[in-house]
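# Tertiary structure, described
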Amino acid sequence: MKGHRSQSYHLKPIVTSGAYNELHRDGNNLERIKSKCYRPVARTSAPLHVADWGFVIRQLLCHVIVAAGLVGNCLSFFVMKSKPLRHKSYSHYLCALAVFDSLTLVTREMRHLHDLLTYFQYSGVFSDFSAVGCKIFSFSECVSCLMSSWLVVAMALERVLVVYVPFRKNVWCTQRGAVAIIISLFVIFSYSQVFRFVMVTKTEGQCEGHRDYLAAYLVLHVYVYQLCLAYTLPIIIVFAANISVLRKICQVERTFRQDENSASTRLTHASSGRSKTTRMLLTICFVYVLTLLPGSTLSIVMIVAYQLFDLATSQQLLVAAVPWYNVLIVVSDLNYALNFYIYVLSGKKFRLELRRIFRTDRFVVSSHSTRTREEFILS
C-alpha cells in the first residue's frame with residue numbers, strides 16, 4: 001500500500017513514549033528513537049519495516065465497533081433513565097458508564113482516523129490541533145478511560161455489599177450514594193491527570209509528551225496511569241470482587257438445596273435469579289479482563305525485553321509486536337462497546353424496558369413480596 005503510516009496509540013506502549021510511532025514514521029531514523037529510549041545506538045543501513053496486516057485488521061473492524069458501541073451506549077442510557085429503572089442506584093452507574101464509554105470510543109475513533117489519514121500521507125486529525133488542543137484532548141481521553149474502568153469497579157464493590165450484607169443494601173446502595181461516588185471518582189481522576197496540561201504538547205502533528213518532560217511523563221503516563229490506575233488495579237479488584245460474589249452465591253445455592261422446607265416456587269425463583277446473576281457477573285468480569293489484559297500484557301513484555309536486550313534486538317521485537325498491538329487495540333475497543341449487548345443478553349428487565357421505549361402502549365407491572373436473606377442475595 002502507498003505511503004508510510006504514522007500511528008498514534010491510545011494505549012501507549014510501555015516500551016517508550018512514542019517508539020511505535022517512530023518506527024512507523026521513519027524506521028531507519030534511530031537517532032530519533034534514541035532520544036526517546038535513552039539508549040546508545042549504532043546506526044544500521046536497513047530500515048525497519050512493519051507488517052501491515054495488523055493495521056488493516058484494525059482499520060476494517062474498529063470503525064464498525066465504535067459505531068455499534070455508540071448506538072448501544074445511547075440506548076443503554078435511555079433505558080436506564082426510564083421510569084421503572086431510574087430510581088435504582090445501579091442505573092446511575094450504568095448511565096455514567098454509557099457516557100464515559102462513549103467518550104472513550106470517540107477519542108479512539110479520532111486516533112483511528114488520524115492513523116488512517118497519515119497512512120495515505122494526508123494531514124491527520126491532530127494536524128490542526130494547537131498545543132492547548134492536544135492538552136485538552138489528552139486530558140479528556142485519559143479521564144474518560146479511567147472513569148470507564150473505575151465505574152465497573154464501583155459496581156463490582158456495590159454488588160459485594162449487596163451479597164454479603166443484603167439487608168443493609170437500602171442504606172448503602174442508594175441513588176445519592178451512587179451519585180456521590182461518581183462525582184468523587186471524576187474529581188479524583190481529573191486531578192490525577194492535571195499533569196497533562198503541562199507535559200503534553202503537539203509534536204510533528206502528534207499529541208504526545210513534551211521532550212523536556214519526557215522522563216517524568218513516561219513515569220506518570222505509563223506506570224501511574226496505564227499500569228496502575230487504568231488497567232492493573234481495576235482488573236484485580238473487579239476479578240476479586242466477582243469471585244467473592246460467585247462464591248457467596250454458591251454457598252446460598254447449597255443452603256437452598258439442603259433446605260427441604262423451601263417452597264418449590266420460591267426455590268425456582270431463587271435458582272433463576274442465581275443463574276441470571278451468575279451469567280451477568282461472569283460476562284462482565286471476563287469481558288473486562290479479556291479485552292484489556294492482553295494489550296497491557298504485551299506492553300509489560302516489551303518493557304521487560306527492552307531492559308534485558310540491546311537496542312537492535314529490542315527494535316526487532318518492537319517491529320514484530322506492532323501488528324499484534326493493532327489487533328489488541330481492536331480487542332480493547334470491544335470493552336467500551338459491548339456493555340449494551342451484555343445487558344440485552346443477560347437482563348430480562350433491561351430487555352423489557354428496551355421494548356417499552358419503542359412501544360406506544362407502555363405499562364408497568366409491579367409486584368411486592370416478602371423475601372428471605374437468601375432471596376435478597378440472589379436478586
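These lines cover the structure that appears in this document, whether it is placed above or below.

## Some remarks on unusual backbone geometry
Its identity is not glycine, yet Q121 carries a phi of approximately 65°, on the positive side. Topologically, Q121 is positioned in the loop between α4 (89-119) and α5 (131-164). Even without a glycine there, the phi angle at E204 is positive, about 55°. Position of E204 relative to the elements: it lies in the loop between β1 (200-203) and β2 (206-209).

## Concerning the state of the cysteines
In total, this model carries one disulfide according to the counting rule given. Across the disulfide from C134 sits C207; the S-S distance is 2.0 Å. Taking the torsion about the sulfur-sulfur bond, which here is approximately -65°, the covalent link between C134 and C207 counts as left-handed. Of this pair, C134 sits in helix α5 while C207 sits in strand β2, and the two are 73 residues apart along the sequence. Considered together, C134 and C207 belong to a single accessibility category, that of buried residues. Unpaired in terms of disulfides, C142 finds its nearest cysteine sulfur in C145, a separation of 7.1 Å. Assessed through its relative accessible area of 3%, C142 is described here as buried.

## Quick word on the packing of aromatic side chains
Aromatic ring pairs: the centre-centre distance and the angle between the two ring planes describe each pair. Considering all chains together, one arrives at 14 aromatic pairs under this definition. When the centroid spacing of 4.8 Å and the interplanar angle of 15° are considered together, the rings of F55 and Y119 count as stacked. On the criterion of sequence distance, the pair formed by F55 in helix α3 (residues 53-80) and Y119 in helix α4 is long-range, its members being 64 residues apart. When sorted by exposure, F55 lands in the same class as Y119, which is buried. Between Y343 and F350, the ring centres sit 5.4 Å apart and the planes meet at 55°, which makes this aromatic pair tilted. Neither residue differs from the other here; Y343 and F350 are each classed as buried. Aromatic ring contacts, followed pair by pair, group F340, Y341, Y343 and F350 into a single cluster. Lying across the ring of Y225, R196 places its NZ or CZ 5.0 Å from the centre.

## Overview of a nonpolar patch on the surface
A cluster of nonpolar side chains, namely V132, I136, Y191, V194, F197, V198 and Y213, defines an oily patch on the protein surface of about 690 Å² accessible area. Those elements that place two or more of their residues in the nonpolar patch are α5 and α8 (196-199). Within the secondary structure, I136 is located in helix α5. Exposure remark for I136: the relative accessible area of 43% places this residue in the partly exposed category.

The rules behind the values
Residues numbered from 1 in each chain as written. Predicted model: local features only at pLDDT ≥ 70, side-chain atom pairs only at ≥ 80, totals over all residues. Heavy atoms only, no water. Helix = DSSP H or I, 4+ residues; strand = E, 2+ residues; numbered from the N terminus. Disulfide = S-S within 2.5 Å. Buried < 20%, exposed > 50% of the residue type's maximum accessible area, 1.4 Å probe, protein only. Phe/Tyr/Trp six-rings, centres within 6.5 Å; stacked < 30°, edge-to-face > 60°. Lys NZ or Arg CZ within 6 Å of the ring centre and 35° of its normal. Patch = residues over 30% accessible without salt bridge, like charges linked within 9 Å, V, L, I, M, F, W, Y side chains within 5 Å. Areas by Shrake-Rupley, 256 points an atom, 1.4 Å probe, with all protein chains shown as cover. Salt bridge = Lys/Arg side-chain N within 4 Å of Asp/Glu carboxyl O.

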